[in-house]
There are 2 protein chains.
Amino acid sequence: MLVVQKFGGTSVGSIERIEAVADIISRTLRAGHQCAVVVSAMGHSTDELLALAHAIDRLPDPRELDALLSTGEQVSAALLAMALQKRGVKARSFTGWQARIYTEPVHGAARLVRIEPDGLREAIAQGVVPVITGFQGIAGEDVTTLGRGGSDTSAVAVAAALGADLCEIYTDVTGVFTTDPRVVPHARKLSEISYDEMLELANLGAQVLHPRAVEAAKQFNVRLVVKSSFVEEEGTWVVATATGFEQRQVVTGIAFEREVARIALIGVPLHRHGLACVFGELAQAGINVDVIVQSVVQSSDVDVSFTVKEADCERAVEILGGLKDQLAYQGLVREAGLAKVSIVGAGMISNPGVAAEMFRVLAEADIPVKMVSTSEIKVSCIIPADRVEQAVQRLHAAFLEP
Amino acid sequence: MLVVQKFGGTSVGSIERIEAVADIISRTLRAGHQCAVVVSAMGHSTDELLALAHAIDRLPDPRELDALLSTGEQVSAALLAMALQKRGVKARSFTGWQARIYTEPVHGAARLVRIEPDGLREAIAQGVVPVITGFQGIAGEDVTTLGRGGSDTSAVAVAAALGADLCEIYTDVTGVFTTDPRVVPHARKLSEISYDEMLELANLGAQVLHPRAVEAAKQFNVRLVVKSSFVEEEGTWVVATATGFEQRQVVTGIAFEREVARIALIGVPLHRHGLACVFGELAQAGINVDVIVQSVVQSSDVDVSFTVKEADCERAVEILGGLKDQLAYQGLVREAGLAKVSIVGAGMISNPGVAAEMFRVLAEADIPVKMVSTSEIKVSCIIPADRVEQAVQRLHAAFLEP
């Protein structure tokens, strides 16, 4: 079996951890499998490099920032290759350009375009374990990076390009849980979860696996498993359609996100097509808008509410202030100190009462719901941040405990 | 004028230093010149990377060690490019592969083979300052490094490839001195020195400029100047034939080196051709042999003495022990705690009395001379390490003070 193994920052956070990772890879080889490895930068090294750049310039040149940040994975890849060789395992580090990982010509958050895997294949055929830098590629001769969490995407893309049988995402937790065990200590590890559910959970703030990686895995049908590099234990399989025990439950997991702010534009005249303009301008400023709720007040006016990260709120309000004349809205309301709590489950599609049940649970706990957003497999509620733990605990008890 | 400016590790040792270097480059551009820049890794970052590698393996894989160490210069090049852009100077970092710097396929101390400078030329033509990682190149698709001090060589090679008018080596001293000012406080800065003299001084332990870089500058006739990135002050020109004031003096400078050990093989039969074998085996073990003195005792036997670094002495003695039967030498003597002091000057060629004068000065100070080695432009004496400062001071007074 050809296995792509990805090790995140905490998994290679020290020399001791790198040695432990080399042991995991050695064991996989001894079990008769072939391996290709994708690594993140050691622990906080990306943050340290970022701090150096910001000491020079608050907005450093994006090309140079990518050139700088890409060194973090080069360090961990070279060190891991050394650790493998010490164990008698033939290994070779590959940077983005050496592995022929091509991206869009964009810096900071480039999307992968293609991988030319001949060099990697050749190494594997020679019994050499390629240790590939995650998070980075090239566009032309420029080094590009994929943005935070990009190493997960690199791993899935490498697995797809190599036609690997399996992609293992090693991290510092043992899998995907029904919710954050720090909030619900008896949260359960899922043995499997569908791509779609994982996508909702990943997008909703469960930081186990990057959404783009899940998307890519779904697109290329890569078998994915999330597991711990710290303890030997079965992880969580991410599959097309989950078939195990958990699927008999309507809700698979509960995700939440803190530091959410809500901005409401009151009385926006419909005929001006102003809304496209609002979200276009915010996107251009790099501000991610999450939940959007729109309601018609009169026949010609709408109220629009949406959420952004608290850190972006001030800037978003400034931008909207600049658009006041153009949009002709009547008022702007903002509210920080919010959180988003979401229930996710493929079973919801056939269970229309789930949203109502969620509102009931929150109402019984006197938790006010400021906004609601739904998809086929999730319901999200915006609530006060200081109530989020209670909300998660109540919802976990209602939906995920026997 | 097209100027190649090289900045060493202490010159880019912190964000403040990188900002200062960006100011130097900006001033050069404002003076109407074009620039290409070569940088070393920040301060002790190469040592830190080396320590990581050694924490994994005492003898890490050479390819991976190069992959690891090459990240140090990538960091400083990217940061310096950012600092230049902040000043409105167009700049772009180039790694070894991006700058098309090709070396022999050897790791750890590769020699440069060629540079294809079209990409660098194009950048310069567009008004962009290329900021090139020193110390590294590629062989095939592998990253290689040039060994310690390799950034000097990179700078000279880039200057030669671009046909630059001048190569400025910025360092933490203001130029080349008649000797180390820490030993002789009134040592004088030389306004110029010949390639050959600089080569002897560089080889003899004056750590201003790497010998390979001087060799390359001589070979390609690159105008070289050594100066400080910390203070604005005229540096020392390294030229084909020094013509200034100092050349009227016979001795240009005094170099010294501590931690020298002497090994003597007593009674080696001449007919066995054993000596080639001795030095071949030591070279293969990576042990640098410096001064070699051979004297015939009887018609068929020779005594051979040579010096190595103290750190290599134990290993050298081991290797020689293994060769005892083959070489049939009668005895082996070793002595650590030595130093080498050398006087250098192109004027010596026409002044045969200089060596004698050196011995007289040392004898008058009761400093025993263990070995002597001469070239056309230098005389080196091996003396006890605890007398080296006194020797340098006495020789400086005798040869370099009015």
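Procedures and definitions
Residues numbered from 1 in each chain as written. Chains lettered and ligands numbered in written order. Predicted model: local features only at pLDDT ≥ 70, side-chain atom pairs only at ≥ 80, totals over all residues. Heavy atoms only, no water. UniProt positions renumbered as here; feature names shortened; annotations may be inferred. Helix = DSSP H or I, 4+ residues; strand = E, 2+ residues; numbered from the N terminus. Buried < 20%, exposed > 50% of the residue type's maximum accessible area, 1.4 Å probe, protein only. Contact = heavy atoms within 4.5 Å. Pairing = 2+ DSSP bridges. Axes fitted to C-alpha atoms, helices over the stretch in contact; angles between N-to-C directions. Buried area = accessible area lost by both parts, 1.4 Å probe. Salt bridge = Lys/Arg side-chain N within 4 Å of Asp/Glu carboxyl O. Polar contact = N/O pair within 3.5 Å; in protein donor to acceptor, adjacent residues only side chain to side chain. Nonpolar A, V, L, I, M, F, W, Y, C, P; charged D, E, K, R; others polar.

Colleague: Let's hear about the UniProt feature "binding site: ATP" (unreviewed entry) in chain A: which residues, and what values?
Modeller: Residues and elements named next belong to chain A. Listed under "binding site: ATP" (unreviewed entry) in the UniProt record, and renumbered for this structure, are K6, F7, G8, G9, T171, D172 and R182. Look at the named residues: they lie 177 residues apart in sequence, and the longest C-alpha span between them is 24.7 Å, so in the fold they stay spread out. Within the secondary structure, G8 is located in the loop between β1 (2-7) and α1 (15-30). For G8, a relative accessible area of 8% gives the class buried. When near neighbours in sequence (up to four residues on either side) are disregarded, G8 contacts S40 and Y170. Along the chain, T171 turns up in strand β9 (residues 166-171). Judged by relative accessible area, which is 13%, T171 ranks as buried. Once residues within four sequence positions are removed from consideration, T171 is found in contact with S11, V226, K227, S228, S229 and F230.

Colleague: Help me get a handle on the sheet that holds β1(A), residues and values and all.
Modeller: Residues and elements named next belong to chain A. A sheet is described by the order of its strands in space; here eight strands give the open sequence β3-β6-β2-β1-β9-β11-β12-β10, paired in mixed fashion. This sheet does not close on itself; its edge strands, each paired only once, are β3 (91-94) and β10 (192-194). Pairs of neighbouring strands in the sheet enclose a mean axial angle of 20°, with direction left out of account. By the bridge criterion, five bridges tie β1 to β9 in an arrangement that is parallel. Bridge pairing links V4 to C167 in β9.

Colleague: Describe the sheet that holds strand β11 (residues 224-228) of chain B, with residues and values.
Modeller: All names here are of chain B. Pairing is mixed in the open sheet, where eight strands are placed in the order β3-β6-β2-β1-β9-β11-β12-β10. One side of each edge strand has no neighbouring strand; the edge strands of this open sheet are β3 (91-94) and β10 (192-194). Each strand axis lies, on average, 20° off the axis of its neighbour in the sheet, ignoring direction. In this structure, β3 lies alongside strand β6 (residues 129-133), joined through four bridges in parallel fashion. Within β6, the position partnered with F94 by the bridge is I132. Packing against the sheet, helix α4 (residues 118-125) makes contact with β1 (2-7), β2 (34-39), β3 and β6, and its axis sits at approximately 170° to β3.

Colleague: Break down the interface of chain B and chain A for me, with residues and values.
Modeller: Counting residues at the interface gives 36 residues for chain B and 36 residues for chain A. Looking only at chain B, the three residues that lose the most surface to chain A are I56(B), M82(B) and W97(B), adding up to 24% of its buried area. In this structure, the salt-bridge partner of R100(A) is E141(B), at a minimum N-O distance of 2.6 Å. Taken together, the links from chain B to chain A amount to 11 residue pairs in polar contact (both at pLDDT 80 or more). Within the residue set of the side of chain B that touches chain A, elements represented by two or more residues are α1 (15-30), α2 (45-56), α3 (62-86), β3 and β8 (142-145) of chain B. For the side of chain B that touches chain A, the leading source of residues is α3(B), giving 15 residues. The class makeup of the residues in the side of chain B that touches chain A is 21 nonpolar, five polar and 10 charged.

Colleague: Run through the pattern of salt bridges, naming residues and quoting values.
Modeller: Summed over all chains, the structure comprises 44 salt bridges over all chains. Of the charged contacts, one joins K378(A) and E200(A) as a salt bridge, the two residues approaching to 4.0 Å between their closest N and O atoms. In this pair, K378(A) is assigned in strand β18 (residues 378-384) and E200(A) in helix α6 (residues 195-203), connecting sequence segments 178 residues apart. Judged on exposure class, the residue K378(A) and its partner E200(A) are both buried. Here K340(B) makes a salt bridge to E257(B), at a shortest N to O gap of 3.7 Å. Separated by 83 residues along the polypeptide, K340(B) in strand β16 (residues 331-344) and E257(B) in strand β13 (residues 253-269) bring together distant segments of the chain. Residue K340(B) is classed as buried on the basis of its relative accessible area of 3%. A cluster of three or more residues bridged by salt bridges with shared partners is formed by E19(A), D23(A), K86(A) and R87(A).

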